[in-house]
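# Notes for the structure review
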Amino acid sequence: MEEKSRYEELKKTIDYHMDRYYNEDAPEISDYAYDQLMLELKEIERRHPDWVTPDSPTQKVGGSTKREAGVEVTHHVPMLSIQDVFTMDEVAVWVEDVRRVHPDARFCVEEKIDGLSMSLRYQDGRLILAETRGDGLVGEDVTQNARVIPDVKNKIDIPGYVELRGEVYMSHQDFDRFNEEQEAAGKKTAANPRNLAAGTLRQLDSGIVKKRGLRMFVFNVQDAYDNGTKQTHINDTTTREHVQRISGQPVDLMSSHAAALDVLRESGVITVPHTLCTTPEEVLAAIDAIGESRGELCHDIDGAVVKIDQIAYRSDFPAGSKYSAGHIAYKYPPEEKEVVIDQIEVNVGRTGKMTFRAIFREPVRLCGTNVQKATLHNADFIQMMGVAEGCTAVCRKQGEIIPAIVGVTKKAENEYEPPTVCPVCASPLVREEDTSDIYCVNPSCPAQLKRTLAYFAGKDAMDIKNFGTRYVESLVEQGYLKNIADIYRLYQYRDELIEKGILGKEKNTDRILDSIETSKQNEPDRLLTGFAIRNVGRISARQIMRHYRSIRDLAQADAEELMQLPDVGEVTAHAIRTFFADARNMELLRQLEEMGVRTASSAPEPELSAEDLPLAGLTIVVTGTLSRFGRKEIAEFIENHGGKYTGSVSKKTDYLVAGENAGSKMEKAKSLGVPVITEEKLLQMTEKGSFQTA
C-alpha cells in the first residue's frame, strides 16, 4: 500500500532528523521543514490510528541522553514537548476551546527560546540537581556545569522543594565572540547558537562552560511543595504522591503560572518575559508583538508559547503522552531580511561546476548569525529571479542553516550576464545536458586540479596503483604537479621525493614511480577517461575509442561526426569538441605523447553486446542512502554496466534509484512519471536477461 509505505518512510526520516537535532546537535533541515514532515505523519496517523506504535515519532520526546557531562537522571516530572500550531486561526480556536470549558481562563504568552531545556531542583532554597531533557523521562546530570551559568541561582529564597524548568541558550554576542576566536585560531566555527549552547552544556570541563557564557530563562515551575521545617531530600525515585504524603499541600507556585513567574523573579530568578491575556484578540496581539521583536532580541526564538495560567485547568486539555497539557506553541514562518546585493561572486567547485553567491552591501542578522553572503544556485536561477548587482532582495536561511535569496523587491538597472569563460583559467564554459549547471572543462584548471589529478590516476582512468589522493594533494601543494603531464615527470625528482618523504620511503616511492611508468601502456580509452570530459565516463570512452585509432584522430572529429556514435548526444559531442579545441589541452596531449603515454590503440576491441551491457542506453539518477554503494561506487557500477549516471532528474531520466531518506528528487521523479526503483532492483537489472523486467 502506497500510503503505508510513505508512513514508514516518514517515521524513518523523522527519527533521523530527531537524532541529528537532539543527540548530535547538528540539524540538517529547518524547524519548519521538520514540522511539515511531522504534520504529514500526524495526518496519516489520524486516518489510520491502528498503525500507531509506541516507537512512532509522535509518541516520543526529543533525543536520547549523552554521557559526556555526567550520569543519567530519571526526571521527577517528565520534561515533555509542546504541541505546535502554525496559523493564528489554530491559536484562536484553541483559546476558544479552553474558554468554553473554563470561561474565566487566563493565558500566558511567552517567547519560545531556541536553546536546550534544563530543569533545576531546589531543596530548602539550595540547588541540588540540574538535568537536561534527554528523552523526556531520563536526562543527564549537568549540575556542575549549571552552577557556572550566571542566570542559574545556587540559592533561592523559597522554602521546601521547588523544581524549575527553563531554556539554556547563548546570546548573539557570545556566539559571535566564540566564532571570532575560532576563526583566529584556525578552528571550525559553530553553525548557530542553539547547537553551540547544547554542545557547551554537555562539556566535561565546567571551565569551558563558564568561558563560553551560557544564559538561561526559567519558563515553568515543574513542581513545588512546602515541607515546613522538615528537611526532605527529593531523590530520583521519589513519587509525587510520596512527596505529598510527607510534605503537605502544594504552595502557591502551583496555582497561577504568571504569579509563580513573578514570585521567582522577585527572588532573583531570571524568568522568560510573559504577557497575561484573557481574550483571543489579546493572545494574538501578544504573539504578534513577540514576532515583531525577533530582530531586536539578543537571543534566538523559534516561536511563541501560549499556556493556560490556571495550572489546575491544564489537565482538562491533555495533548497525549508526548506533549504537556494546557500548552501550545505558535511557530513563526522562517525569518527573512531585505538586503542590497553588492556583488555576484562566481567560484569554481572541485568538479569544475560554477557556483554563485550574492555578497551583501551590509550584513544582516538571521537565525542568530550575521549573514553577508547567500547562495544563488545557478545562472538560470539568477536571471529568473531578476537578481543583479545593486538590486534589493529578500534573504532567508533555507533550513535555518544555508542563507539563500528567495525574491527580489527592487530590481537593479542592469541585468546579470553569466560568465562564458572560467573565472580562474579563462577556459570556455559548457552547460550540462538537461540542467542549469555550467562547467569548466579544463583538467588543468587550478581550482579543480587536485580532483582532476586524483581522478586521472584512479582505477577507472589510468589506474596508477598505490598513487592515492593523499599523495596527489601533497604533490600539488608542494608544487610538483601543475597538470596531468607532470605525473610522468615525477621520476626526475626521485631522490628529492625520497628525502622529503612525500611518497614515503625509498621502497614505496619506487613502487609508485613504477606504477606511473606502467600506466603509459594503457589503452587510449583509459587516457580519454582520465581527461574527465563531461559525460565521457569509463564505458562511453571505451565505446568512443572503438571508432578511432588514436586520441589524435578523435581530436580531429567534428560534432556532427561524433553525434553519429552510439550514446553520444549533442551535449557530449560539444563537450568533446570544446575540450580538444582548447590549445592547452592539445599541448597537454603532445606532452603525454612525448613522454611515451600510449595514445593509439594496439587493436580494435570487439563490440559489446546488449547482453554484456545490461544498462546500455539508460540514464539513471540516485537519491538517498544506499546500503551497498557510496555515491562514487554506484556511479561506477552504473557506467560499468553501460548506463549513464547523472545527478538530476529530468524527462530523459529512465530510472531513479531511491535509498533511505530520499530527497526532493523523489517528488520530481513522480511528477515526471520517472520509474522509481530500489537498489536491489537495479542489481537485478544487471543480471543476464533481467533488465527488461524493470
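Small disclaimer: the values here were computed from a predicted structure and weren't measured. (Residues numbered from 1 in each chain as written. Predicted model: local features only at pLDDT ≥ 70, side-chain atom pairs only at ≥ 80, totals over all residues. Heavy atoms only, no water.)

### Here's the deal with the overall build of the protein chain
Along the protein chain, the regular secondary structure elements total 24 helices and 22 strands. Looking at the 694 residues of the protein chain, the share that counts as buried comes to 52%. A separation threshold of at least 6 residues defines the contact pool for the protein chain, and within that pool the share at least 24 residues apart is 69%. Accessible area for the protein chain stands at about 32,400 Å²; split by element, carbon and sulfur atoms hold 48% of it. (Helix = DSSP H or I, 4+ residues; strand = E, 2+ residues; numbered from the N terminus. Buried < 20%, exposed > 50% of the residue type's maximum accessible area, 1.4 Å probe, protein only. Contact = heavy atoms within 4.5 Å. Areas by Shrake-Rupley, 256 points an atom, 1.4 Å probe, with all protein chains shown as cover.)

### Here's the deal with the pattern of salt bridges
Going through the model one piece at a time under the given rule, you end up with 38 salt bridges. The closest approach of N and O atoms between glutamate 40 and arginine 6, which form a salt bridge, is 2.9 Å. Here glutamate 40 is found in helix H2 (residues 31–47), whereas its partner arginine 6 is found in helix H1 (residues 2–23), with 34 residues between them in sequence. With a closest N to O distance of 3.1 Å, glutamate 140 and arginine 202 form a salt bridge. Note that glutamate 140 is positioned in strand E6 (residues 138–140) and arginine 202 in the loop between helix H6 (193–201) and helix H7 (206–212), a separation of 62 residues in sequence. On the basis of relative accessible area, glutamate 140 is assigned to the buried category, the value being 0%. Bridged by salt links that share partners, the residues Glu3, Glu43, Arg46 and Arg47 form one connected network. (Salt bridge = Lys/Arg side-chain N within 4 Å of Asp/Glu carboxyl O.)

### Remarks on the state of the cysteines
Applying the stated rule across the entire model yields zero disulfides. Cysteine cysteine 422 remains unbridged, with the sulfur of cysteine 425 as its closest cysteine sulfur at 3.7 Å. (Disulfide = S-S within 2.5 Å.)

### Notes on the sheet that holds strand E4 (residues 116–123)
Ordered in space as E5-E4-E7-E8, the four strands form an open sheet in which the pairing is antiparallel. At either end of the open sheet lies a strand with only one pairing partner, and these are strand E5 (126–132) and strand E8 (214–225). Each strand axis lies, on average, 25 degrees off the axis of its neighbour in the sheet, ignoring direction. As defined by bridge partners, E4 adjoins strand E7 (residues 161–170) across eight bridges and the pair is classed as antiparallel. Within E7, the position partnered with glutamine 123 by the bridge is tyrosine 161. Sheet strands touched by H6: E4, E5, E7 and E8. Its angle to E7, the strand with the most contacts, is close to 130 degrees. Seen against the sheet, helix H9 (residues 257–266) touches E7 and E8 and runs at an angle of roughly 120 degrees to E8. (Pairing = 2+ DSSP bridges. Axes fitted to C-alpha atoms, helices over the stretch in contact; angles between N-to-C directions.)

### Quick look at the packing of helix H3 (residues 88–101) against helix H10 (residues 280–292)
Taken N-terminus to C-terminus, the directions of H3 and H10 make an angle of 140 degrees; their axes are 9 Å apart at the nearest point. Between H3 and H10, the angle is such that the two are oblique. Crossing of H3 against H10: the hand is right-handed. Between H3, through Met88, Val91, Ala92, Val95, Glu96 and Arg99, and H10, the contact on the second element is made entirely by Pro280, Val283, Leu284, Ile287 and Asp288. Broken down by class, the residue content of the contact of H3 with H10 amounts to eight nonpolar, no polar and three charged. (Parallel < 35°, antiparallel > 145°, perpendicular 65-115°, else oblique. Left-handed = near helix turned anticlockwise from the far one by under 90°. Nonpolar A, V, L, I, M, F, W, Y, C, P; charged D, E, K, R; others polar.)

### Here's the deal with unusual backbone geometry
A positive phi angle, near 50 degrees, is found at aspartate 124, a position not held by glycine. A relative accessible area of 22% places aspartate 124 in the partly exposed class.

### Things to note about the confidence of the model for the protein chain
For residues with low pLDDT, the predicted coordinates do not support detailed interpretation. Confidence in the prediction for the protein chain averages 83 pLDDT; 88% of positions are at 70 or higher. Considering only residues more than four positions removed or in separate chains, one finds that residues 604–608, a stretch of pLDDT under 50, has eight contacts. (pLDDT = per-residue confidence, 0-100.)

### Regarding the sheet that holds strand E10 (residues 301–308)
If you walk across this open sheet you meet the five strands as E2-E11-E10-E3-E9, and the pairing is mixed. What marks the edges here is a single partner per strand, and that holds for strand E2 (84–85) and strand E9 (274–277). H3 rests against E2, strand E3 (107–113), E10 and strand E11 (327–330) of the sheet, and its axis sits at about 165 degrees to E11. Each of E3, E9 and E10 is contacted by H9, which is oriented at about 145 degrees to E9, the strand it contacts most.

### A look at the packing of aromatic side chains
Under the definition given, this model contains nine aromatic pairs. Where tyrosine 7 meets tryptophan 51, the ring centres are 5.5 Å apart and the plane angle is 40 degrees; that geometry is what we call tilted. Of this pair, tyrosine 7 sits in helix H1 while tryptophan 51 sits in the loop between H2 and strand E1 (72–74); the two residues are 44 residues apart in sequence, bridging distant segments of the chain. Neither residue differs from the other here; tyrosine 7 and tryptophan 51 are each classed as buried. Arranged with centres 5.0 Å apart and planes meeting at 90 degrees, the rings of phenylalanine 579 and phenylalanine 580 form a pair that is edge-to-face. Summarising the burial analysis for this pair, phenylalanine 579 and phenylalanine 580 share the class buried. Ring pairs connect the aromatic residues Phe531, Phe579 and Phe580, which therefore count as one cluster. Over the ring of tyrosine 455 we find arginine 451; its NZ or CZ atom is 5.4 Å from the centre of that ring. One Lys or Arg, arginine 470, reaches over the ring of tyrosine 471 and ends 4.6 Å from the middle of that ring. (Phe/Tyr/Trp six-rings, centres within 6.5 Å; stacked < 30°, edge-to-face > 60°. Lys NZ or Arg CZ within 6 Å of the ring centre and 35° of its normal.)

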